[in-house]
Amino acid sequence: MSQEPTQVEEQKPPFPPSEVNAKKALIAIGIGVLISFIPAPEGLTPQSMRYLGIFIFMIVGMLTSIAQTWAVTTFAAFVCIILKMAPLNTLFSEFSGTTIWMLLAVVGFAGCMQESGLMKRIALLVLKFFPPNFVGQVLALLSACTVVNPIIPSSTAKLAMMSPLTGTVIQEAGLKPHSKGAKGLWFVMWVTVYLGAATFLTGSNITLILLAMLPIEVSSHFTWMNWFLAGIPWGIPLLVLTALYVIFFLRPEEKTSMTKETMQNQFKALGPMSPAEQFCLIVLVITVGMWITNDVHGIHSSVVSWLALFAMYCRGLFSTRDVVAKFPWALVMMFGPMMGVVALLKPMGIIDWVAALLPADLIRSMIPNAFVFVLILSIVSCLLRFVIDQLSMIPIILAIFGPIATILGINYWVILFVMWANAHTWPLPHHGVMIMQSFAMMGGDLLELEDVTYLTWVYSAITCISCLIAVPFWSMLGLL
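Residues numbered from 1 in each chain as written. Predicted model: local features only at pLDDT ≥ 70, side-chain atom pairs only at ≥ 80, totals over all residues. Heavy atoms only, no water.

Some words on the overall build of the chain
Next up, step 1: Along the backbone of the chain there are 26 helices and zero strands.
Next up, step 2: Considering only C-alpha atoms, the chain reaches an extent of 95 × 75 × 45 Å along its principal axes.
Next up, step 3: Expressed as a percentage of the 480 residues in the chain, the buried residues total 54%.
Next up, step 4: For the chain, restricting intrachain contacts to residue pairs at least 6 apart in sequence, the fraction spanning at least 24 positions comes to 79%.
Next up, step 5: Per element, the accessible surface of the chain, about 21900 Å² overall, is 67% carbon and sulfur. (Helix = DSSP H or I, 4+ residues; strand = E, 2+ residues; numbered from the N terminus. Buried < 20%, exposed > 50% of the residue type's maximum accessible area, 1.4 Å probe, protein only. Contact = heavy atoms within 4.5 Å. Areas by Shrake-Rupley, 256 points an atom, 1.4 Å probe, with all protein chains shown as cover.)

Next comes the structure, spelled out in structure tokens:
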């Protein structure tokens, strides 16, 4: 008589794994509590010190990843509410503001545009008009990426579209894997579509977040067109210097074998425009036109974006399922509370207190003009990248350079823009996650992270020079 084996039930843990690192969380909370109990120096109040403890906790929590960033910033905001530093409608006021709603609408709208196939058609249409030599390929990629930049706010989506096209150009041109030419074409695409997106308000999710981080008296000035006018003095030198570097220093030794028919054949393979593409093209032209002419008709860009999304919804190109799948809820949940907490720096007296501590005359003598300020900010942002991620850098840079900018009369937009432009480097291996994803989407083993690590210093030099070139133009716009 055989005995049936007994199945031992797997013992389930009493709780599922937590995203909170308890040890790191206790350390971050301990630091915050310790700071909050320090006697308030002259110029601050006990409430100011409690706020400073929460602010430092938030920074430490973001830097050490005690939990998901949205949880850290939201927790910090609710502690501020509990301690009566500001009411809930103040700490979470960004959710009733224009920036977050514009972010949601633009992301949803851009997703519809990409899924329709229109953006790939536009990119290929641009590519096919350039000569098949290496210079033509550089200019073609630069132009195609620039065209799609203001239309798709998701850098990941743009990389998903432009990386395969770049890989096709590299392979069709007969460029060897890991060669100078392959690195050069990728570098043009990467700088234009991923880094140069800051030129446009709708070029990246983060540019919209940067807008929301500005004081209301500053952010209210920046329409889509005003942001473009402020960003283009940096964007043009960035693209020109990048193209020149690639053409002169990364030109392939071998002759490229690509023909003009290559891109034309890819374009023909798309076939005629579908009804969805035609509809998206009409909505796109109207939407971009209304963004540009915001000062004429007075309809805010966020309203224009939602009208475009409603048009997509009515035609069945956007659905309730997309609200969950496409909207960047984690990003919104992270930045909404963080913007509320950071906005208390001035009401709590921290900015004015730090500015009062700084020797104004010494600051003005050490930083005699805007060129020096921008250069110092560029270098500090680049160096901080070694130890801090770009998102955590936003409140830190504001806390450090905000008081200095107050003394020098420099607009906060310049602080955030220069910081963001110089913080997008990849000096360490873990900074290259998006780059490796881009390589995977290019197809084949064309490049590895080690091939392009040194290009981070090329980009740092180019973007720093571009920021310095932009200084006179920013001065004319009243930003400096």
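Past the structure itself, the notes keep going.
Description of helix H18 (residues 329-342)
Next up, step 1: When the terminal C-alpha atoms of H18 are compared, their 20 Å separation across 14 residues agrees well with the 20 Å that a helix rising 1.5 Å per residue should span.
Next up, step 2: Those residues of H18 lying buried are Leu-331, Val-332, Met-334, Phe-335, Gly-336, Pro-337, Met-338, Met-339, Gly-340, Val-341 and Val-342.
Next up, step 3: Looking at the buried side of H18, the elements it contacts are helix H2 (46-64), helix H3 (69-82), helix H4 (88-91), helix H5 (98-116), helix H10 (205-213) and helix H22 (390-408). (Expected span 1.5 Å × (residues − 1).)

Structural notes on the environment of Ser-18
Next up, step 1: Its location among the elements puts Ser-18 in the segment before helix H1 (22-36).
Next up, step 2: Between the C-alpha atoms of Ser-18 and Leu-358, which are 340 residues apart in sequence, the distance is 43 Å.
Next up, step 3: At a separation of 3.0 Å, a polar atom in the side chain of Ser-18 contacts the main-chain amide nitrogen of Val-20. (Polar contact = N/O pair within 3.5 Å; in protein donor to acceptor, adjacent residues only side chain to side chain.)

Considering the packing of aromatic side chains
Next up, step 1: In total, this model carries 32 aromatic pairs according to the counting rule given.
Next up, step 2: Judged by centre distance (5.8 Å) and plane angle (70 degrees), the rings of Phe-222 and Trp-227 are edge-to-face. Here the two residues Phe-222 and Trp-227 agree in accessibility, since each one is buried.
Next up, step 3: Cluster of aromatic residues (ring-pair linked, three or more members): Trp-186, Phe-187, Trp-190, Tyr-194, Tyr-245, Phe-249, Trp-426, Phe-439 and Tyr-459.
Next up, step 4: We note Arg-315 situated over the ring of Phe-279; from NZ or CZ to the ring centre the distance is 5.5 Å. (Phe/Tyr/Trp six-rings, centres within 6.5 Å; stacked < 30°, edge-to-face > 60°. Lys NZ or Arg CZ within 6 Å of the ring centre and 35° of its normal.)

Some words on the confidence of the model for the chain
Next up, step 1: Confidence along the chain averages 85 in pLDDT terms, with 96% of residues attaining 70 or more.
Next up, step 2: Predicted confidence in the chain is weakest over helix H13 (residues 261-269), with a mean pLDDT of 72, and strongest over helix H26 (residues 455-476), with 95. (pLDDT = per-residue confidence, 0-100.)

Focus: H26
Next up, step 1: The end-to-end C-alpha distance of H26, which contains 22 residues, comes to 32 Å, matching closely the 32 Å that a straight helix rising 1.5 Å per residue would cover.
Next up, step 2: Maximum bend of H26: about 35 degrees, positioned at Ala-470, with proline Pro-472 one to four residues after it.
Next up, step 3: Backbone geometry just downstream of H26 places Gly-478 in the positive-phi region, at approximately 80 degrees. (Bend = angle between axes of the 7 residues up to and from the residue.)

Description of the environment of Val-147
Next up, step 1: Within the secondary structure layout, Val-147 lies in helix H7 (residues 134-148).
Next up, step 2: Using a relative accessible area of 34% as the deciding quantity, one classes Val-147 as partly exposed.
Next up, step 3: Aside from chain neighbours lying at most four places away, what touches Val-147 is Ile-122 and Val-126.

Comments concerning the packing of helix H23 (residues 412-422) against H26
Next up, step 1: Look at H23 against H26: their axes get within 9 Å of each other, and the N-to-C directions meet at 160 degrees. By the angle class used here, H23 and H26 are roughly antiparallel. The hand of the H23/H26 crossing is right-handed. From H23, Trp-413, Val-414, Phe-417, Val-418, Ala-421 and Asn-422 reach across to H26, where they touch Tyr-459, Ser-460, Thr-463, Cys-464, Cys-467 and Trp-474.
Next up, step 2: Residue composition of the contact of H23 with H26, by class: nine nonpolar, three polar and no charged. (Axes fitted to C-alpha atoms, helices over the stretch in contact; angles between N-to-C directions. Parallel < 35°, antiparallel > 145°, perpendicular 65-115°, else oblique. Left-handed = near helix turned anticlockwise from the far one by under 90°. Nonpolar A, V, L, I, M, F, W, Y, C, P; charged D, E, K, R; others polar.)

What about the packing of H5 against helix H16 (residues 301-314)?
Next up, step 1: The contact between H5 and H16 brings their axes to 8 Å, and the two run at 35 degrees. Of the two elements, H5 crosses H16, and the hand of that crossing is left-handed. On H16, the residues touching Thr-98, Trp-101, Met-102, Leu-104, Ala-105, Val-106, Gly-108, Phe-109, Cys-112 and Met-113 of H5 are Ser-301, Ser-302, Ser-305, Trp-306, Ala-308, Leu-309 and Met-312.
Next up, step 2: Within the contact of H5 with H16, the residues separate by chemical class into 12 nonpolar, five polar and no charged.

Looking at the side chain of Asp-322
Next up, step 1: Tracing the chain through its elements places Asp-322 in helix H17 (residues 320-325).
Next up, step 2: The buried category is assigned to Asp-322, whose relative accessible area is 13%.
Next up, step 3: Reaching out from Asp-322, the side chain makes a polar contact with the backbone nitrogen of Ser-319 at a distance of 2.9 Å.
Next up, step 4: Those residues in contact with Asp-322 that sit more than four places away from it in its chain are Leu-317 and Phe-327.

Comments concerning the state of the cysteines
Cysteine pairs can be covalently joined through their sulfur atoms, and such a bond is termed a disulfide.
Next up, step 1: Enumeration according to the criterion identifies zero disulfides in this entry.
Next up, step 2: Here Cys-112 stays unpaired: no disulfide links it, and the sulfur of Cys-280, its closest cysteine neighbor, is 6.6 Å away. (Disulfide = S-S within 2.5 Å.)

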